[in-house]
Amino acid sequence: MRESLPSTSEFDPASASDTAPLLPLKTPGQRRYVDFMFGLDYLSPNSGLLKLMHDGMSARGLSVLLVNKNSVDWAIDHVAAGKIAPAVYLDLCARPGDRFSKLLETLSVAGVHTICNSSQIRWTLKAYSHIELESAGLPLPPTVILKRDDPDRDLSADERTRLGEKVVIKPSYGVAGLGAVVGAEPTKTAIAAAREFDRKDDWLIQKMVRWGRIDEGKPEGERRPAYLRTYNVFGHRTMMWWSNDRGYSILTWADFEKYNLAGILPLTDQIAELTGMDFFSSEVAIISMDPAARDRFVLIDYINDQCDIDPEADPRRSPPKAWIQWICERMAEFVWRRKMGIPAETAGNVYLGAD
């Protein structure tokens with residue numbers, strides 16, 4: 001089914017404390033007094049994202065609780081004590097070994113449905129997901145993987161032929177491109193220097209992928225890279241144009257048809273089926289603007305389980321508010337169905353911006 005994104009109104013946040021969680025009213029005799037909980041370390045109770053989450057949840061009679069850096073220890077203690085048992089928890093910031101990771105583990109032990117859960121985290125590690133996705137036939141860049149205990153080395157003649165003279169060297173566990181080296185020569189020296197960023201991680205050496213540009217007719221410097229993020233949102237699909245320098249931009253139905261992007265949807269569906277993940281994004285490069293060309297799409301950053309949905313994180317680069325509102329509404333529908341014991345939506349609609 002074809003759907004367009006909603007519009008939103010401005011929000012003037014009321015004053016609230018940054019150091020105490022906003023708690024929904026507790027119903028007497030009810031152990032679970034919050035339906036949905038999400039964790040984002042830096043987020044304020046005054047934030048637009050929390051307002052959008054609240055709007056989506058309250059429309060379905062659901063309560064929402066933000067956990068930030070000031071309340072994460074409180075949340076861990078209350079979950080462990082059985083005082084909080086949300087229907088769903090969304091993690092947007094956990095890092096290995098930190099307090100939000102501990103909260104995620106505590107919630108999982110308590111039987112809470114977490115996004116994503118401990119059995120799925122391995123898919124966010126590129127050294128693992130590359131092998132699995134490649135085996136499943138998904139389009140990935142030619143890659144050499146060095147495990148953490150493998151020695152630094154030059155590539156073989158065959159490997160250099162496959163990867164070319166310029167490569168991207170990046171860690172298996174990557175966050176916001178940290179540790180990635182772009183445009184390096186695939187030499188032992190360059191590989192060794194890159195791996196110093198984190199010798200405890202596995203590393204990928206990948207062929208540099210070139211992609212086209214959209215906005216035909218504009219000067220070259222004003223044309224947007226033909227590069228996007230595609231999302232699975234509880235069985236629904238959506239896409240956004242994305243680039244490092246310009247952030248996000250709405251991808252419309254006109255774009256979808258003009259650039260013949262229907263072939264990206266099966267890639268998203270296949271990843272969702274392989275991983276079992278409720279909510280994730282993938283980065284996709286369009287390497288040919290010719291709709292008739294084969295093998296037009298290449299997955300670059302395979303699976304991101306902590307999608308950027310904060311409209312105020314960076315005014316120049318954050319996703320549009322209307323799109324985030326739609327995400328929050330899909331989230332609320334998922335939580336409501338979990339709470340009521342109703343199966344999740346399976347319609348698989350595609351949501352894009354209006355033409």
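Here goes a summary of the coordinates provided. Residue numbers run consecutively from 1 along every chain, following the written order of its sequence. Residue-level local features of this predicted model are given only where pLDDT is at least 70; pairs of side-chain atoms are given and counted only at 80 or more, and the full residue set underlies all totals for whole chains, interfaces and linings. Hydrogens and water are ignored here; the side-chain numbers use all heavy atoms of the structure.

**Re the overall build of the chain**
Working step 1: Helix and strand definitions here come from DSSP, where helices need a minimum of 4 consecutive H or I residues and strands a minimum of 2 consecutive E residues; each element is numbered from the N-terminal end. Broken down by element type, the chain carries nine helices and 15 strands.
Working step 2: In terms of overall dimensions, the chain is globule-like: its C-alpha atoms have a radius of gyration of 21 Å, near the 20 Å expected for 355 residues.
Working step 3: If you line up the chain on its principal axes, its C-alpha atoms span 70 × 50 × 35 Å.
Working step 4: Exposed residues in this analysis have more than 50% of their type's maximum accessible area, buried residues have under 20%, and partly exposed residues fall in between, with area computed by a 1.4 Å probe over protein chains only. Considering the chain as a whole, with its 355 residues, one finds that 50% of them fall into the buried category.
Working step 5: A sequence separation of at least 24 residues applies to 69% of the contacts in the chain between residues at least 6 apart.
Working step 6: Of the roughly 16,400 Å² of accessible surface on the chain, 51% is carried by carbon and sulfur atoms.
Working step 7: The centroid of the 43 positive side-chain charges in the chain is displaced by 2 Å from the centroid of its 49 negative side-chain charges. Only C-alpha atoms enter the radius of gyration; for comparison, a globular chain is expected to reach 2.2 Å times N to the power 0.38, where N is the number of residues. Contacts were defined at the residue level, with two residues in contact if any of their heavy atoms lie within 4.5 Å. The method behind every accessible area is Shrake-Rupley, applied with a 1.4 Å probe, and residues are considered shielded solely by the protein chains displayed. Counted as positive: Lys and Arg. Counted as negative: Asp and Glu. His and the chain ends are not counted at all. A charge is said to be at NZ when it belongs to Lys, at CZ for Arg, at CG for Asp and at CD for Glu.

**Digging into the sheet that holds strand β2 (residues 36-39)**
Working step 1: In spatial order, the strands read β3-β2-β4-β5; together these four strands make up an open sheet with parallel pairing. Both outer strands of the open sheet, β3 (64-67) and β5 (113-115), are each paired with one neighbouring strand and no more. Looking at each pair of strands side by side, their axes are set apart by 20° on average, direction ignored.
Working step 2: Those strands touched by helix α3 (residues 99-109) are β2, β3, β4 (88-91) and β5, and its axis lies near 155° from that of β4. Pairing between strands is defined by DSSP: at least two bridges between them are needed. As a rule, the C-alpha atoms of each element are fitted with a line to give its axis, helices using only the stretch in contact, and angles between N-to-C directions run from 0 to 180 degrees.

**Section: the sheet that holds strand β8 (residues 181-184)**
Working step 1: If you walk across this open sheet you meet the four strands as β6-β9-β7-β8, and the pairing is antiparallel. This sheet does not close on itself; its edge strands, each paired only once, are β6 (143-146) and β8. Geometrically, the sheet is characterised by an average inter-axis angle of 20° between neighbouring strands, direction not taken into account.

**Considering the side chain of Ser47**
Working step 1: If you trace the backbone, Ser47 turns up in the loop between β2 and α1 (48-58).
Working step 2: Residue Ser47 is classed as buried on the basis of its relative accessible area of 6%.
Working step 3: A polar contact of 3.2 Å, which involves the side chain of Ser47, links it to the backbone nitrogen of Leu50. Each polar contact in these results corresponds to two N or O atoms within 3.5 Å; when the atoms are within protein, one needs to be able to donate a hydrogen and the other to accept it, and residues that are neighboring in sequence are counted only if both atoms are side-chain atoms.

**As for the packing of aromatic side chains**
Working step 1: In summary, the pairing rule links any two rings of Phe, Tyr or Trp, Trp by its six-membered ring, whose centres are within 6.5 Å, and it sorts them by plane angle into stacked for under 30 degrees, edge-to-face for over 60 and tilted for everything else. Using the criterion set out here, one finds eleven aromatic pairs in the structure.
Working step 2: A centroid spacing of 4.6 Å and a plane angle of 50° characterise the contact between Trp211 and Tyr227, whose relative ring orientation is tilted. Of the two residues, Trp211 sits in the loop between β9 (203-207) and β10 (227-233) while Tyr227 sits in strand β10, which places them 16 residues apart along the sequence.
Working step 3: For Trp211, a relative accessible area of 37% gives the class partly exposed.
Working step 4: Aromatic pair Phe234 and Phe279: ring centres 6.0 Å apart, planes at 15°, arrangement stacked. Taken together, the residues Phe234 in the loop between β10 and β11 (236-243) and Phe279 in strand β13 (residues 279-286) connect sequence positions 45 residues apart. One exposure class covers both Phe234 and Phe279, and it is buried.
Working step 5: The structure contains a cluster of three or more aromatic residues connected by ring pairs, namely Trp211, Tyr227, Trp242 and Tyr248.
Working step 6: A ring has a charge above it when a Lys NZ or an Arg CZ is no more than 6 Å from the ring centre and no more than 35 degrees off the ring normal. Above the ring of Trp242, the side-chain terminus of Arg229 is found at 4.4 Å from the ring centroid.

**Here we look at helix α8 (residues 265-275)**
Working step 1: For α8, the full list of buried residues reads Leu265, Leu267, Thr268, Ile271, Ala272 and Thr275. For α8, the angular spread of buried residues about the axis comes to 165°, placing them on one side. The arc in question is formed by the directions pointing from the helix axis toward the C-beta atoms.

**A few points about the nonpolar core**
Working step 1: Here, nonpolar core refers to any group of buried Ala, Val, Leu, Ile, Met, Phe, Trp, Tyr and Cys residues whose side-chain atoms link them within 4.5 Å. Counting residues in each nonpolar core, the largest one holds 59 residues, and the members touching the most others are Phe36, Phe38, Met53, Leu90, Phe279, Ile309 and Met331.
Working step 2: Per element, the largest residue contribution to this core is nine residues, and it comes from helix α9 (residues 321-340).
Working step 3: Here Phe279 is in contact with Leu90, Ile115, Asn232, Val233, Phe234, Asp305, Cys307, Ile309, Ile327 and Met331, once residues within four sequence places are set aside.

**Focus on the side chain of Thr230**
Working step 1: Looking at where Thr230 falls in the secondary structure, it is placed in strand β10.
Working step 2: Given a relative accessible area of 2%, Thr230 falls into the buried group.
Working step 3: Here the side chain of Thr230 touches Thr268 through a polar contact of 2.7 Å, side chain to side chain.

**Considering the environment of Trp253**
Working step 1: When you line up the elements, Trp253 lands in helix α7 (residues 253-258).
Working step 2: For Trp253, a relative accessible area of 5% gives the class buried.
Working step 3: On a C-alpha basis, the gap between Trp253 and Ser282 in space is 19 Å, while along the polypeptide they are 29 residues apart.

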